Amino acid sequence: MPLNAMDAHYRSFSRLVVPELVKQGIAVLGMKSMANGVILKSKTISAIECLHYALNLPTSVVITGIDSMEILDQACEAARTFRPMGEAEVSALLAKTARAAAAGEFEPFKTSSIFDATAQNPEWLGEEPQRIQNLMP
């Protein structure tokens, strides 16, 4: 699920879903730590900070896209320099993103259908079964 420093402020998976998963012993797979790079366009947080925030959550794994050696080096640097953050450090990081995150603008996967392949290709759904069609006037 999307877990990033903007998520904490808007329709938050980290606050609404992760605690329940942990309670039930279900593995948490974190992704979209930079929201496909969109969060970095807010100029409120660095890529390393994004990765450190996601790594600090109770995840089983943080999945990050790697499309170049530069991005691989960045991910390795984040892993190498990561240290668990205390509550004050997390609060400070979230304070940096609070204003930009308030309306979900930097998490378009939550606020638009741009990343929804099915919305972009409704034919994938096929026709409704005849029994459903018969229910409609």
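Residues numbered from 1 in each chain as written. Predicted model: local features only at pLDDT ≥ 70, side-chain atom pairs only at ≥ 80, totals over all residues. Heavy atoms only, no water.

J.: Can you lay out the overall build of the chain for me, pointing to particular residues and giving the numbers?
T.: Along its length, the chain carries eight helices and two strands. Secondary structure elements in the chain, listed N-terminal to C-terminal, are α-α-β-α-β-α-α-α-α-α. For 137 residues, the compact-globule estimate of 2.2 N^0.38 gives 14 Å, and the chain exceeds it by more than 25% at 18 Å. By principal-axis analysis of the C-alpha atoms, the chain measures approximately 60 × 35 × 30 Å. The buried share of the chain, reckoned over its 137 residues, is 34%. Per element, the accessible surface of the chain, about 8700 Å² overall, is 58% carbon and sulfur. (Helix = DSSP H or I, 4+ residues; strand = E, 2+ residues; numbered from the N terminus. Rg over C-alpha atoms; globule rule 2.2 N^0.38 Å. Buried < 20%, exposed > 50% of the residue type's maximum accessible area, 1.4 Å probe, protein only. Areas by Shrake-Rupley, 256 points an atom, 1.4 Å probe, with all protein chains shown as cover.)

J.: Just give me the short version of the pattern of salt bridges, but keep the residues and values in it.
T.: Inspection of the entire model under this criterion finds three salt bridges. One salt bridge in this structure joins lysine 23 and glutamate 20, with 3.8 Å as the shortest N-O distance. Remark: glutamate 20 and lysine 23 occur in helix α2 (residues 18-23); sequence separation between them is three residues, near one turn of the helix. Two residues, arginine 80 and glutamate 77, come together in a salt bridge whose shortest N-O distance is 2.7 Å. Highlighted residues: arginine 80 and glutamate 77, both in helix α4 (residues 69-81), separated by three residues, approximately one helical turn. (Salt bridge = Lys/Arg side-chain N within 4 Å of Asp/Glu carboxyl O.)

J.: Got a sec to walk through the nonpolar core? Specific residues and values, please.
T.: Ranked by size, the top nonpolar core spans 26 residues in total, and within it Met6, Ile39, Ile45, Tyr53, Leu94 and Phe106 carry the most contacts. If you tally residues by element for this core, the top one is helix α5 (residues 87-101), at five residues. Excluding anything up to four places from it in sequence, phenylalanine 106 contacts Met6, Ala35, Val38, Ile39, Lys41, Ser42 and Ala100. (Core = buried A, V, L, I, M, F, W, Y, C linked by side-chain atoms within 4.5 Å. Contact = heavy atoms within 4.5 Å.)

J.: Just give me the short version of a nonpolar patch on the surface, but keep the residues and values in it.
T.: Among the surface-exposed residues, Leu29, Met31, Val61 and Ile63 lie close enough to one another that they form a single nonpolar patch of about 310 Å² accessible area. Of note, valine 61 is situated in strand β2 (residues 61-62). Overall, valine 61 belongs to the partly exposed group, its relative accessible area being 35%. (Patch = residues over 30% accessible without salt bridge, like charges linked within 9 Å, V, L, I, M, F, W, Y side chains within 5 Å.)

J.: Tell me about α5, and please be specific about residues and values.
T.: Between its first and last C-alpha atoms α5 spans 19 Å; for 15 residues at 1.5 Å apiece the expected length is 21 Å, and the two agree. Along its length, α5 reaches its greatest deviation from straightness, about 30°, at alanine 95. Within α5, burial applies to Val90, Leu93, Leu94, Thr97, Ala100 and Ala101. Those residues of α5 that are buried are in contact with α1 (13-16) and α3 (47-56). (Expected span 1.5 Å × (residues − 1). Bend = angle between axes of the 7 residues up to and from the residue.)

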